[in-house]
Amino acid sequence: MKRPKPNSIPTTVQKTIQTSQSTTTELLVQLFSDRIFIVISQRAGKLGTLLQCKHEHSVIDNSNTYHIETLLGKRDDALSEVYVRQIMERIVKLGGGINNDDSQCPPILLGIALKEETGGEQKAATAAESQKMFHFVIDEVLNLYQESIRVATSS
């Protein structure tokens, strides 16, 4: 990936998507020189839980290690950790983020506030629908990330 020009940072790109008939999800990607800030919110722009994910690449065995830390909010929410890890893995596959070094990606700060399903809604939502929504949101975040890189490198 190309390195953003200093005068383009921070670069902000946002979008609202319809994730179900009754739920809209707000997405925001903000590039800074040393990290990537992402918000996924189904609660009127609220930040929710704030997580940090760092990536390390080992030259010795060509493996990737991901360190996830909850900074604020729910500490027992495994789904939020899955979101931040999946986003980091996909950014690493794209070429290492905003730095010139393909093996390193800057840390991601993810603010995530998803609506909790109540008993009736939970029964109605199948696992396949939840998985489809998950992949849709991740794909949209990655599209926004790529757009923010284009904006930052063209400014």
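Further up the page is the structure itself.
**Examining the overall build of the protein**
No. 1: Helix and strand counts for the protein stand at 3 helices and 6 strands.
No. 2: From first element to last, N terminus to C terminus, the protein shows the α and β order β-β-β-β-β-α-β-α-α.
No. 3: Burial status across the protein gives 40% buried among its 155 residues.
No. 4: Accessible area for the protein stands at about 8,800 Å²; split by element, carbon and sulfur atoms hold 50% of it.

**Points about the packing of aromatic side chains**
No. 1: Scanning the model with the defined rule gives 1 aromatic pair in all.
No. 2: Relative to Phe134, the ring of Tyr83 lies with its centre 4.7 Å away and its plane at 70°, an arrangement referred to as edge-to-face. On the criterion of sequence distance, the pair formed by Tyr83 in helix H1 (residues 78-95) and Phe134 in helix H3 (residues 127-154) is long-range, its members being 51 residues apart. Comparing Tyr83 with Phe134, the two get one shared label, buried.

**Digging into the pattern of salt bridges**
No. 1: If you walk through the whole model with that rule in mind, you get 4 salt bridges.
No. 2: Note that Glu89 is salt-bridged to Arg85, the shortest N-O span being 2.5 Å. Of this pair, Glu89 and Arg85 both sit in helix H1, 4 residues apart, which is roughly one turn of the helix.
No. 3: Residue Glu89 is classed as partly exposed on the basis of its relative accessible area, which comes to 23%.
No. 4: When its relative accessible area of 35% is taken as the criterion, Arg85 is described as partly exposed.

**Quick look at the environment of Arg75**
No. 1: You can see Arg75 is positioned in the loop between strand E5 (63-72) and H1.
No. 2: Expressed as a C-alpha distance, the spacing of Arg75 and Thr49, which sit 26 residues apart in the sequence, is 8.3 Å.
No. 3: Of the polar contacts made by the side chain of Arg75, one reaches the backbone oxygen of Thr70; its length is 2.5 Å.

**Some thoughts on the environment of His55**
No. 1: Locating His55 in the fold gives a position in strand E4 (residues 49-58).
No. 2: Of the polar contacts made by the side chain of His55, one reaches the side chain of Asn64; its length is 2.8 Å.

**Re the sheet that holds strand E6 (residues 108-113)**
No. 1: As summarised here, the arrangement of the 6 strands in space is E1-E2-E3-E6-E4-E5, forming an open sheet in which the pairing is mixed. At either margin of the open sheet sits one strand with a lone partner, and together these are strand E1 (11-18) and E5. Neighbour-to-neighbour, the strand axes of the sheet open up by a mean angle of 15°, direction not taken into account.
No. 2: Pairing of E4 with E5, which is carried by 9 bridges, proceeds in the antiparallel orientation. What sits directly across from His55, in E5, is Tyr66.
No. 3: Its contacts with the sheet put H1 on strand E3 (36-41), E4, E5 and E6, and the angle it makes with E6 is roughly 140°.

Cut-offs and rules
Residues numbered from 1 in each chain as written. Predicted model: local features only at pLDDT ≥ 70, side-chain atom pairs only at ≥ 80, totals over all residues. Heavy atoms only, no water. Helix = DSSP H or I, 4+ residues; strand = E, 2+ residues; numbered from the N terminus. Buried < 20%, exposed > 50% of the residue type's maximum accessible area, 1.4 Å probe, protein only. Areas by Shrake-Rupley, 256 points an atom, 1.4 Å probe, with all protein chains shown as cover. Phe/Tyr/Trp six-rings, centres within 6.5 Å; stacked < 30°, edge-to-face > 60°. Salt bridge = Lys/Arg side-chain N within 4 Å of Asp/Glu carboxyl O. Polar contact = N/O pair within 3.5 Å; in protein donor to acceptor, adjacent residues only side chain to side chain. Pairing = 2+ DSSP bridges. Axes fitted to C-alpha atoms, helices over the stretch in contact; angles between N-to-C directions. Contact = heavy atoms within 4.5 Å.

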